[in-house]
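# Geometric and topological summary
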Amino acid sequence: MGPYEGGYAPEYSAAPEYATAPEYSAAPEAAPAAPQSEDPPTIELGPPVPDAVPEVHFPYPQPEPGEAPGPLYVIGDVHGYLDELLAALHQQGLIDDDGHWAAGRSRVWFLGDFTDRGPDGIGVINLVMQLAAEAAAAGGYCRALMGNHELLFLGAARYGDEPVQSTAGTASFLAAWRLNGGQQHDLERLEQHHISWLSRLPAIAIEDGHLLLHSDTTAYLEYGQSIAEVNDAVHVVLADEGIDEWWDCFRKFTKRFAFRGQSGPLAVHELLDAYGGYRVVHGHSPIPYLTGVDQADDAPPHVPGPYIYADELAIAMDGGVTMEGRLLVARLPLN
């Protein structure tokens, strides 16, 4: 565990997440609880983004001379909630009534975790693949990052119950996947074209000065000192490194809370100094869990939008859809 990592705690689920190894079960440092009130707790969104925006970076084909790039959107963890995703995309004007791309030259990034916990992970993957093709035809693009649940899902499909080295003793990808929300019908519907597409997803990207990650961890630094090095290293692991290396990669990207607390800004700066950008945007840790806001009378958490924290250096995008929160879609920069 890196010097800025918080301990791992389970998400809102009856089964503890990644309970096969003790490093996943340590409780995080307690965050200050919000004052109790009769209304659902409201999460402080943080201050607005500064007016100064760094030079725009285009990892994809440049717009025509004089043509501005399309607006940039990021989407938090979906976890199989296809209907909620369709509603959120439609509300933002990114898709039409029939679920097809309607955003022209817009740039869209999913931050990972398409499957597990929710009812239709394969349906979510199919939609994102469809939108990627339709966006490219319209002059925009729809891209996605690899989340820790992609690593887990692909590992379950490839290795099944094959034993893996774990500090908790005998473990397997399939057992860990089932413990952490894996849906058997998703595994049964997984096809080779899904596996090929998921296996090629990048782990990290940068857009308009926003460093896009799935997990709020500094573990990315263990795979390289540039975005290209990190993505290449993860792809090598998935291609031919073996089950133990795959498990280690999955384990590292389940870490969370690195940007929380007094040392959080320093951890963000480690990533920004290595990979560029002026802000980190991530999913992985549900905002109510990240902030430590208690639920009142078992009411669903009130998540008004993305959460800006770590001295305005980090934006959290997991709205906690698996715990009756929200599936967040946000246009960047936030203001």
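Parameters at a glance
Residues numbered from 1 in each chain as written. Predicted model: local features only at pLDDT ≥ 70, side-chain atom pairs only at ≥ 80, totals over all residues. Heavy atoms only, no water. Helix = DSSP H or I, 4+ residues; strand = E, 2+ residues; numbered from the N terminus. Buried < 20%, exposed > 50% of the residue type's maximum accessible area, 1.4 Å probe, protein only. Contact = heavy atoms within 4.5 Å. Areas by Shrake-Rupley, 256 points an atom, 1.4 Å probe, with all protein chains shown as cover. Axes fitted to C-alpha atoms, helices over the stretch in contact; angles between N-to-C directions. Parallel < 35°, antiparallel > 145°, perpendicular 65-115°, else oblique. Left-handed = near helix turned anticlockwise from the far one by under 90°. Nonpolar A, V, L, I, M, F, W, Y, C, P; charged D, E, K, R; others polar. Pairing = 2+ DSSP bridges. pLDDT = per-residue confidence, 0-100.

## Some remarks on the overall build of the chain
Scanning the chain for helices and strands turns up ten helices and nine strands. Among the 335 residues that make up the chain, the fraction classed as buried is 55%. Partitioning the intrachain contacts of the chain with sequence separation of at least 6 by distance along the chain shows that 78% fall at a separation of at least 24. For the chain, the accessible surface area stands at approximately 13,800 Å², while carbon and sulfur atoms represent 50% of it.

## Some points on the packing of helix 3 (residues 148–159) against helix 8 (residues 243–252)
With their axes 9 Å apart at the nearest point, helix 3 and helix 8 run at an angle of 155° to one another. In this view, helix 3 runs roughly antiparallel relative to helix 8, as classed from their interaxial angle. Viewed along their axes, helix 3 and helix 8 form a crossing whose handedness is left-handed. Across the interface between the two elements, N148, L151, L152, L154, G155, R158 and Y159 of helix 3 pack against I243, W246, C249 and F250 of helix 8. When the residues that make up the contact of helix 3 with helix 8 are grouped by side-chain class, the tally is eight nonpolar, two polar and one charged.

## Quick word on the sheet that holds strand 8 (residues 314–316)
Strand order across the open sheet formed by five strands is 4-5-6-8-7, with mixed pairing between neighbours. Each edge of the open sheet is held by one strand with a lone partner, namely strand 4 (204–207) and strand 7 (307–309). Strand-to-strand twist across the sheet, computed as the mean angle between neighbouring axes with direction ignored, equals 25°. Pairing geometry for strand 6 (residues 279–282) and strand 8, over three bridges, is parallel.

## Considering the confidence of the model for the chain
Residues with a pLDDT of 70 or more make up 78% of the chain, whose mean pLDDT is 84. The model gives residues 1–60 a pLDDT under 50, and that stretch makes 153 contacts with residues more than four places away or in other chains.

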